[in-house]
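# Per-entry structural report
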Amino acid sequence: MMSKILLRLPKVMEKTGLKRATIYLHIKQNTFPKQFKIGQRAVAWLESDIDAWIDRHLAKKEKNK
């Protein structure tokens with residue numbers, strides 16, 4: 001069974017190297033995993049979704065070499 005680790009925005013930024021505005025722009029363009037509410041004023045992403053996005057992004061870069 002895969003663990004369900006939640007990441008808050010600072011950790012997502014750290015893992016991806018993207019800034020906040022860029023992350024939300026990609027979400028708006030449907031090219032980044034969507035966040036979900038974990039509280040009234042708090043959102044998070046599943047770490048597995050972020051890792052999968054990173055893997056796809058790297059695979060796309062390798063393909064374009």
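Scoring rules and cut-offs
- Residues numbered from 1 in each chain as written.
- Predicted model: local features only at pLDDT ≥ 70, side-chain atom pairs only at ≥ 80, totals over all residues.
- Heavy atoms only, no water.
- Helix = DSSP H or I, 4+ residues; strand = E, 2+ residues; numbered from the N terminus.
- Areas by Shrake-Rupley, 256 points an atom, 1.4 Å probe, with all protein chains shown as cover.
- Lys, Arg positive; Asp, Glu negative; His and termini not counted.
- Charge placed at Lys NZ, Arg CZ, Asp CG, Glu CD.
- Pairing = 2+ DSSP bridges.
- Patch = residues over 30% accessible without salt bridge, like charges linked within 9 Å, V, L, I, M, F, W, Y side chains within 5 Å.
- Salt bridge = Lys/Arg side-chain N within 4 Å of Asp/Glu carboxyl O.
- Buried < 20%, exposed > 50% of the residue type's maximum accessible area, 1.4 Å probe, protein only.
- Contact = heavy atoms within 4.5 Å.
- Axes fitted to C-alpha atoms, helices over the stretch in contact; angles between N-to-C directions.
- Polar contact = N/O pair within 3.5 Å; in protein donor to acceptor, adjacent residues only side chain to side chain.

This part takes up the overall build of the protein. Of regular secondary structure, the protein possesses three helices and three strands. Across its three principal directions, the C-alpha atoms of the protein cover 45 × 35 × 20 Å. Carbon and sulfur atoms provide 55% of the accessible area of the protein, an area that totals close to 5,200 Å². Within the protein, one finds 15 positive and 6 negative side-chain charges whose respective centroids are separated by 10 Å.

This brings us to the pairing of strand β3 (residues 42-46). By the bridge criterion, two bridges tie strand β1 (residues 6-7) to β3 in an arrangement that is antiparallel. Among the inter-strand pairings, L7 is bridged to a residue of β3, identified as W45. Sheet topology note: the strand β2 (residues 36-39)/β3 ladder contains three bridges and is antiparallel. Bridged to F36 within β3 is A44.

The next point concerns a nonpolar patch on the surface. Among the surface-exposed residues, L6, F36 and I38 lie close enough to one another that they form a single nonpolar patch of about 250 Å² accessible area. The class of L6 is partly exposed, set by a relative accessible area of 43%.

In this section: the sheet that holds β1. Taken in spatial order, the three strands line up as β1-β3-β2 in an open sheet, and their pairing is antiparallel. With partners counted over all chains shown, the strands left at the sheet margins are β1 and β2, one partner each. Packed on one face of the sheet, helix α3 (residues 47-63) meets β1 and β3 and runs near 55° to β3.

Tracing the chain through its elements places T16 in helix α1 (residues 9-16). The buried category is assigned to T16, whose relative accessible area is 18%. Within the structure, the side chain of T16 is placed 3.1 Å from the backbone nitrogen of L18, a separation counted as a polar contact. Those residues within four positions of T16 in sequence are excluded, and the remaining contacts are I23, F32, I50, W53 and I54.

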